[in-house]
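Examination of the molecular architecture
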Amino acid sequence: MSEQAFSFETAGGIDDVLAPVRRAAETVTTQLPFVTSMTRRVLGHVERNSLDVADDALVAPAEVFTSADRFAADRQMMRRTPHVVAWGGEIAEPGDYTTKDVMGTPVLLLRGKDGAPKAFVNVCAHRGAQVAAGCGQATRFTCPYHAWSYDLDGKLASLPGRRMFDGVDLGGLRLRPLPAAEQAGLIVVGLDPSVSVAGFLDDAEEDLSGFGFDRYAHAVSRDVALRADWKLAVDVNFEGYHFPFLHKDTLAPIVSNNSVFDVFGRHCRWAFPFRNIDELRDVPEQDWPERFSGSVVYGIFPSCVLVESPVSTLMLRVYPGDRPGTCVVHMVGGALHPMNDDNDRLLAQAGFDGATAVLCDEDFPAAEACQRGAENGLENIIIGRSEPLVQHLHRGWDAAIARTGER
Ligand code: FES
Ligand SMILES: [Fe+2]
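What counts as what
- Residues numbered from 1 in each chain as written.
- Chains lettered and ligands numbered in written order.
- Predicted model: local features only at pLDDT ≥ 70, side-chain atom pairs only at ≥ 80, totals over all residues.
- Heavy atoms only, no water.
- Donors = N, O, S within 2.8 Å, 3.2 Å for Na, K, Ca; no water.
- Helix = DSSP H or I, 4+ residues; strand = E, 2+ residues; numbered from the N terminus.
- Buried < 20%, exposed > 50% of the residue type's maximum accessible area, 1.4 Å probe, protein only.
- Domains from an automatic or database assignment.
- Contact = heavy atoms within 4.5 Å.
- Buried area = accessible area lost by both parts, 1.4 Å probe.
- Salt bridge = Lys/Arg side-chain N within 4 Å of Asp/Glu carboxyl O.
- Polar contact = N/O pair within 3.5 Å; in protein donor to acceptor, adjacent residues only side chain to side chain.
- Nonpolar A, V, L, I, M, F, W, Y, C, P; charged D, E, K, R; others polar.
- Expected span 1.5 Å × (residues − 1).
- Bend = angle between axes of the 7 residues up to and from the residue.
- Pairing = 2+ DSSP bridges.
- Axes fitted to C-alpha atoms, helices over the stretch in contact; angles between N-to-C directions.
- Core = buried A, V, L, I, M, F, W, Y, C linked by side-chain atoms within 4.5 Å.
- Lys, Arg positive; Asp, Glu negative; His and termini not counted.

Brief notes about the coordination of the iron ion (ligand 2)
Protein coordination at the iron ion (ligand 2): the donors are His 242 (NE2), His 247 (NE2) and Asp 363 (OD), at 2.0 to 2.1 Å from the metal. In the primary sequence, the donor residues of the iron ion (ligand 2) line up as H-x4-H-x115-D. Residue His 242 is located in the loop between helix 6 (230-235) and helix 7 (243-246), and its partner Asp 363 is located in helix 8 (residues 342-374); the two are separated by 121 residues in the primary sequence. Of the residues examined, His 242 reaches a relative accessible area of 11% and is grouped as buried. Look at Asp 363 and you get buried, because its relative accessible area is 5%.

Observations concerning the domain arrangement of the protein
For the protein, the domain assignment lists domain 1 (8-80 + 201-406) and domain 2 (85-189). Using only C-alpha atoms to locate each centre, domain 1 and domain 2 end up separated by 31 Å. Taken residue by residue, the interface counts 25 residues in domain 1 and 17 residues in domain 2. Taken over both partners, the interface formed by domain 1 and domain 2 buries close to 1800 Å², and the fraction arising from carbon and sulfur atoms is 65%. At the boundary of domain 1 and domain 2, one finds 0 salt bridges. Seen at the junction of domain 1 and domain 2, the total is 8 residue pairs in polar contact (both at pLDDT 80 or more). Contributing elements (two or more residues each) for the side of domain 1 that touches domain 2: helix 4 (68-79), helix 5 (204-209), strand 13 (216-226), strand 18 (312-320) and strand 19 (327-336). Among the elements that make up the side of domain 1 that touches domain 2, the one with the highest residue count is strand 18 (6 residues). Taken together, the residues of the side of domain 1 that touches domain 2 sort by class into 12 nonpolar, 7 polar and 6 charged.

Here's the deal with helix 8
Taking 1.5 Å of rise per residue, 33 residues should cover 48 Å, and helix 8 covers 45 Å from first to last C-alpha, within 8% of that figure. In the structure, helix 8 departs most strongly from a straight axis at Cys 360, where the bend amounts to approximately 35 degrees. N-cap assignment for helix 8: the residue whose side-chain oxygen lies 3.1 Å from the backbone N of Asn 343 is Asp 341.

A short note on the sheet that holds strand 15 (residues 267-273)
The 7 strands lie next to each other as 13-19-18-17-16-15-14, forming an open sheet whose pairing is antiparallel. Two strands close off the open sheet at either side, each with one partner strand: strand 13 and strand 14 (260-264). Taken pair by pair, the neighbouring strands of this sheet meet at an average axis angle of 15 degrees, ignoring direction. Here strand 18 pairs with strand 19 via 7 bridges, running antiparallel. From the neighbouring strand, Leu 316 faces strand 19, where its bridge partner is Met 331. Where helix 3 (residues 35-48) meets the sheet, it contacts strand 14, strand 15 and strand 16 (294-300), and its direction lies at approximately 140 degrees from that of strand 14.

With respect to the nonpolar core
Counting residues in hydrophobic clusters, the biggest one holds 60 residues, and the most contacted among them are Leu 109, Phe 238, Val 329, Met 331 and Phe 364. Each of two domains, domain 1 (8-80 + 201-406) and domain 2 (85-189), supplies a minimum of three residues to this core. Val 35, Val 42, Ala 184 and Phe 213 belong to the second largest nonpolar core, which has 34 residues in total.

Some points on the side chain of Glu 387
Mapped onto the elements, Glu 387 comes out in the loop between strand 20 (380-383) and helix 9 (388-406). Here Glu 387 sits buried without a salt bridge, and the closest side chain of opposite charge, Arg 385, lies 11 Å off (N-O distance). Once residues within four sequence positions are removed from consideration, Glu 387 is found in contact with Glu 239, Tyr 241 and Ile 382.

Re the pattern of salt bridges
If you walk through the whole model with that rule in mind, you get 19 salt bridges. Measuring nitrogen to oxygen at the nearest pair gives 3.0 Å for the salt bridge that ties Arg 291 to Glu 308. Residue Arg 291 is located in the loop between strand 15 and strand 16, and its partner Glu 308 is located in strand 17 (residues 304-309); the two are separated by 17 residues in the primary sequence. You can call Glu 308 buried: its relative accessible area is 3%. Where salt bridges share partners, they join Arg 41, Asp 52, Asp 207, Asp 262 and Arg 269 into one cluster.

Brief notes about the side chain of Asp 235
Tracing the sequence through the fold places Asp 235 in helix 6. As a buried residue without a salt bridge, Asp 235 has its nearest oppositely charged side chain in Lys 231, at a separation of 8.1 Å. Separated by 2.8 Å, the side chains of Asp 235 and His 394 make a polar contact. Those residues in contact with Asp 235, other than ones at most four positions away along the chain, are Phe 65, Val 390, Leu 393, His 394 and Trp 397.

Here it is in structure tokens:
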């Protein structure tokens, strides 16, 4: 976890910060196929001061955030579904590895010699310590406790004092493999060998492929533990109804809620514009910028949030905590791989700090406030027509729990 402080004073001013951001955006040459039509739709909404909405409002019992049964059902459902946990560029080359906490399970991700991503439970076969930490390049993973050593296929390759284990069958010992795949440059893993990761991104795969996630590296990260159900921490990312109120002095002066949404099976995407998108009205479409002039936010089922804007690339992974009404949010800021100098690092830090400050100072405290409400007599939550993706997310989670229960 990095907590390096950043200020525009140390960076030399906002223009200095934004110049390399713009350069970096220009180096992403992949065409995003949806940007022109998305911009058209948003400009229509700006003109009419409207947004994409749901047909009806949705009322749901507030106990979805408080009940112990629901918490257990959420955890069970989430253990049986794949999770996007990293950008492919975090393990760009054979031998690159990184480590992730996924719902409390320590996971080792690496790029095999064949170029395919691999995932293992990061648990030593000797007594269970984690054999790898952080990220880097390796040909072997040596457990820090008693130096048992594993190769890139997860097989136990050597151990000190082998004769002291006479009578124990060491031959088959290895790190436990987990299902892993790379789709649209994103690393998908399953926490159980029975989880199928094939085709997980569904129709969203093509849409996501243009971002070049296979070239994004981990630049900066921060974990926060919240006194709120994990679903509340996801919900805050998927509606702009609250922008003029909760983000009155931060986001609202810069962005508007003239938003559009699209659904890709269980996954979804919404986008809201910078206020100055209106200037494109007088620009011929072929001269519009390649990146959407605003934020594009993907909800990757069940709880991964990808936030894309011209100034930052952010991945949030939200998981239930150790008891109902708690959760953990892993936030990672990405940068185009490789980062060459301090300027690149500063740039990634600036984008990350800006995006996560609003989340941590405004959105997550609101989620915790709602949790207190749910635990203190709130009967129902009401999800309005202007919060269509919050409805979509809750329906998707409910349906997945119903399916899990049938198995
Ligand atoms: S726990 Fe890993 S070598 Fe002992
Ligand atoms: Fe917000």
